[in-house]
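Take a look at the letters that make up each chain.
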Amino acid sequence: MPQRYNHRQSQAQHFYPPSHPQQRPTIEKDAFYWILLVLSFLLKIISIVYLIFVILSFAGIVMKTLNLVTFTFVLTSLMPDFIAGKWVLPTPFDGLFRTDFAIWGFLLQFFSWLIRLFMKKKY
């Protein structure tokens, strides 16, 4: 007489969830995902620009040679008032250490990271 097998699942098979095909996200979720992705990317690019200007403004001759002083004024006007123009320190190389640019650049990096973290948790 053939041996009958017990078709009960073992405990190891109960541990893993059943595999279901992944559901396609709705159009609204997909659009929200792309908006957050673009926002995160733009924040990262803008923060890199601010951090590059921290390095460029360290030596005054670089800012004068490349004629970036007016662009620095534009970047300062884009910052919030509570940080714009604060803690600007002179350097021995006839330049400025723009602490406001450094803080704002790192804050924008942090916001970009938070958005990416939210996207990873949500999607």
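The structure under discussion appears in the preceding block.
Residues numbered from 1 in each chain as written. Predicted model: local features only at pLDDT ≥ 70, side-chain atom pairs only at ≥ 80, totals over all residues. Heavy atoms only, no water.

Draft legend 1. Broad picture of helix 4 (residues 69–78). All buried positions along helix 4 are accounted for by T72, L75 and T76. Along the axis of helix 4, the buried residues cluster in a sector spanning 100 degrees; they form a single face. Turned more than 90 degrees away from the buried face of helix 4 sit T70, F73, S77 and L78, all of them exposed. (Buried < 20%, exposed > 50% of the residue type's maximum accessible area, 1.4 Å probe, protein only. Helix = DSSP H or I, 4+ residues; strand = E, 2+ residues; numbered from the N terminus. Arc of directions from axis to C-beta.)

Draft legend 2. Region of the structure containing the packing of aromatic side chains. Applying the stated rule across the entire model yields seven aromatic pairs. Joined through ring pairs, the aromatic side chains of F110, F111 and W113 make up one cluster. Here the guanidinium or amino end of R98 rests over the ring plane of F101, the centre of that ring lying 4.2 Å away. (Phe/Tyr/Trp six-rings, centres within 6.5 Å; stacked < 30°, edge-to-face > 60°. Lys NZ or Arg CZ within 6 Å of the ring centre and 35° of its normal.)

Draft legend 3. Focus on unusual backbone geometry. At W87, a position not held by glycine, the phi torsion is positive, near 55 degrees. Position of W87 relative to the elements: it lies in the loop between helix 4 and strand 1 (88–90). Look at W87 and you get exposed, because its relative accessible area is 51%. Backbone geometry places D94, a non-glycine residue, at a positive phi of 65 degrees. Looking at the element boundaries, D94 is found in the loop between strand 1 and strand 2 (96–98).

Draft legend 4. Structural context of the pattern of salt bridges. Applying the stated criterion across every chain yields a total of two salt bridges. The salt bridge involving D94 is made with K64; its shortest N-O contact spans 3.2 Å. Here K64 lies in helix 3 (residues 60–66) and D94 lies in the loop between strand 1 and strand 2, a separation of 30 residues in the sequence. Look at K64 and you get exposed, because its relative accessible area is 55%. Residues D100 and R98 are paired through a salt bridge, measuring 2.8 Å at the closest nitrogen-oxygen approach. Given a relative accessible area of 0%, D100 falls into the buried group. (Salt bridge = Lys/Arg side-chain N within 4 Å of Asp/Glu carboxyl O.)

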